[in-house]
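A look at the structure
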Amino acid sequence: GQNIDQPTEMTATEGAIVQINCTYQTSGFNGLFWYQQHAGEAPTFLSYNVLDGLEEKGRFSSFLSRSKGYSYLLLKELQMKDSASYLCAQGEYGNKLVFGAGTILRVKS
Amino acid sequence: KAGVTQTPRYLIKTRGQQVTLSCSPISGHRSVSWYQQTPGQGLQFLFEYFSETQRNKGNFPGRFSGRQFSNSRSEMNVSTLELGDSALYLCASTGQGARDGYTFGSGTRLTVV
């Protein structure tokens, strides 16, 4: 998505914590989604933020600040299976998702 | 319950041909949206259907079209295929609200030669 920016790649160590940031310019959206996509597979839904603040789901947390045009996905206790692409997306009218280019996360032992 | 089913999984077509892809949403889901995923452009929204009506459309040429049937199954069609149409085509369905997320199918990998 041309209005959504994410780092291209990140590397982290097994057991560590990693934060993947997402910044955007378009403010009129319904909510902010995070998806995980393993190579060759479909994206899977991780989290959804509609209000500012933190949403926690097990090892994954997502944060949104609409005033700052900023979201992040926090992954704790990293596991090798967390190596994947992480996609930030804005939800718009008519169930349209506008995706960022994605962040490839590599987890090393 | 069964997930989102897309058929076929793989397809090879020649330039100038047309192709039809199918998507069966999760039972009870009335919204189906389609996306094109390529290495260069990422995931891009094609269109969305709800109760047989197209509610939203992305910035793709008119060669890309779709429809939805009364049982919520959806098809997308691409006419006069071009090499650049080679991509993974994904559909997603959703039920009551965005908070439940959108469930994607495994996609159809289209190669145009």
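A brief look at the structure comes next. (Residues numbered from 1 in each chain as written. Chains lettered and ligands numbered in written order. Predicted model: local features only at pLDDT ≥ 70, side-chain atom pairs only at ≥ 80, totals over all residues. Heavy atoms only, no water.)

Some words on the side chain of B:Q37
Here B:Q37 lies in strand β4 (residues 31-38). Under the relative-accessibility criterion, B:Q37 is labelled buried at 16%. For B:Q37, the side chain forms a polar contact with the side chain of A:Q37, separated by 2.8 Å. (Helix = DSSP H or I, 4+ residues; strand = E, 2+ residues; numbered from the N terminus. Buried < 20%, exposed > 50% of the residue type's maximum accessible area, 1.4 Å probe, protein only. Polar contact = N/O pair within 3.5 Å; in protein donor to acceptor, adjacent residues only side chain to side chain.)

A closer look at the state of the cysteines
Residue and element names in this part refer to chain A. Tallied over the full model, the rule gives two disulfides over all chains. What pairs with C22 in a disulfide is C88, and their sulfur atoms sit 1.9 Å apart. Linking C22 and C88, the disulfide has an S-S dihedral of approximately -60° and is accordingly described as left-handed. Here C88 lies in strand β9 (residues 84-92) and C22 lies in strand β3 (residues 18-24), a separation of 66 residues in the sequence. (Disulfide = S-S within 2.5 Å.)

Comments concerning the packing of aromatic side chains
Throughout the structure, instances matching the rule amount to 17 aromatic pairs over all chains. Relative to B:F104, the ring of A:Y35 has its centre 5.5 Å away and its plane inclined at 90°; by these criteria the two rings are edge-to-face. In this pair, A:Y35 sits in strand β4 (residues 31-37) while B:F104 sits in strand β10 (residues 103-104), so the two residues belong to two different chains. Residues A:Y35 and B:F104 agree in their burial class; the two are buried. Taken together, the aromatic side chains of A:F33, A:Y35, A:F45, A:Y48, A:F99, B:Y35, B:F45, B:Y102 and B:F104 make up a single cluster linked through ring pairs. The cationic tip of A:R66 hangs over the ring face of A:F29; the distance from NZ or CZ to the ring centre is 4.4 Å. (Phe/Tyr/Trp six-rings, centres within 6.5 Å; stacked < 30°, edge-to-face > 60°. Lys NZ or Arg CZ within 6 Å of the ring centre and 35° of its normal.)

Quick notes on the interface of chain A and chain B
Interfaces are often described in size by the accessible area the parts lose on coming together. Contact residues are listed per partner, giving 16 residues for chain A and 19 residues for chain B. For the pairing of chain A and chain B, the buried interface totals around 1,700 Å² over both sides, and the portion due to carbon and sulfur atoms is 54%. Here chain A is connected to chain B by seven residue pairs in polar contact (both at pLDDT 80 or more). At the level of secondary structure, the elements contributing two or more residues to the side of chain A that touches chain B comprise β4, β5 (44-49) and β10 (96-99) of chain A. (Contact = heavy atoms within 4.5 Å. Buried area = accessible area lost by both parts, 1.4 Å probe.)

Regarding the pairing of strand β3 (residues 19-24) of chain B
The two faces of a sheet get side chains in turn, since along a regular strand they alternate between them. Residue and element names in this part refer to chain B. By the bridge criterion, three bridges tie strand β1 (residues 5-7) to β3 in an arrangement that is antiparallel. Each residue of the ladder has a partner; that of T7, found in β3, is S22. Examined bridge by bridge, β3 and strand β8 (residues 74-78) share five bridges and lie antiparallel to one another. By the bridge assignment, S22 is partnered in β8 with E75. (Pairing = 2+ DSSP bridges.)

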